[in-house]
Structures are given as C-alpha cells and as structure tokens.
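Structural description and commentary
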Amino acid sequence: MQFDKWFNEQSTLVKAILLLLPVVGWICECLVRLSVMLRTKNIVHIVVFVLFLVVGWGWFLGLIDLIYLLLKGHLILAE
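Residues numbered from 1 in each chain as written. Predicted model: local features only at pLDDT ≥ 70, side-chain atom pairs only at ≥ 80, totals over all residues. Heavy atoms only, no water.

This next bit is on the packing of aromatic side chains. Counted by the stated rule, this structure contains 2 aromatic pairs. For the pair F3 and W6, a centre-to-centre distance of 5.3 Å together with 35° between the ring planes defines the contact as tilted. Taken together, the residues F3 and W6, both in helix α1 (residues 3-9) and 3 residues apart, mark about one turn of the helix. Centre to centre, the rings of F3 and F7 are 6.5 Å apart; their planes meet at 25°, and the pair counts as stacked. Note that F3 and F7 are positioned in helix α1 at a spacing of 4 residues, about one turn of the helix. Look at F7 and you get buried, because its relative accessible area is 0%. Counting every residue linked through ring pairs, the aromatic cluster contains F3, W6 and F7. When the ring centre of F52 is taken as origin, the NZ or CZ atom of R33, which lies over that ring, is 5.2 Å away. (Phe/Tyr/Trp six-rings, centres within 6.5 Å; stacked < 30°, edge-to-face > 60°. Helix = DSSP H or I, 4+ residues; strand = E, 2+ residues; numbered from the N terminus. Buried < 20%, exposed > 50% of the residue type's maximum accessible area, 1.4 Å probe, protein only. Lys NZ or Arg CZ within 6 Å of the ring centre and 35° of its normal.)

Okay, here's the thing in structure tokens:
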C-alpha cells in the first residue's frame, strides 16, 4: 500500500483540500496512517493509527493535522 507516498507527492493545496472535506479528510488520514503503519511496522505508527481510528473522526485532530500539514507539508507522525 503506497497511499502515503501518493498523498505526500501532491501539492500542499490539494492535500489541504482533501483534509478539509469532512468525510474525505478522515478517510484520507486513515489511509495515510494505515499505509505508513503497514510499511514501517513501527510501534509509534501503530499507536497513532489506532488512536486516530478511535478518536480521529472528530474535528480537533483533523484541525491539528491540517495546521501541521500547512506548516511542514506532511501529517503528524506520518512520514
């Protein structure tokens, strides 16, 4: 699964638009985190994926990820 690499290759504007769309943003973040988790099998990425899966449907984590994306160009703990 290479969704994280595809997502990171997009321009910042496209990534921000994808994250701003209510359902699409949550699905994109889940796919990015799942892809990173499966690729690295790192315990931190596993914990972040499970945390985001359980609590990430709310707007708060999505907003934090959007701000971090605009500043750094990628999602928190997903590179």
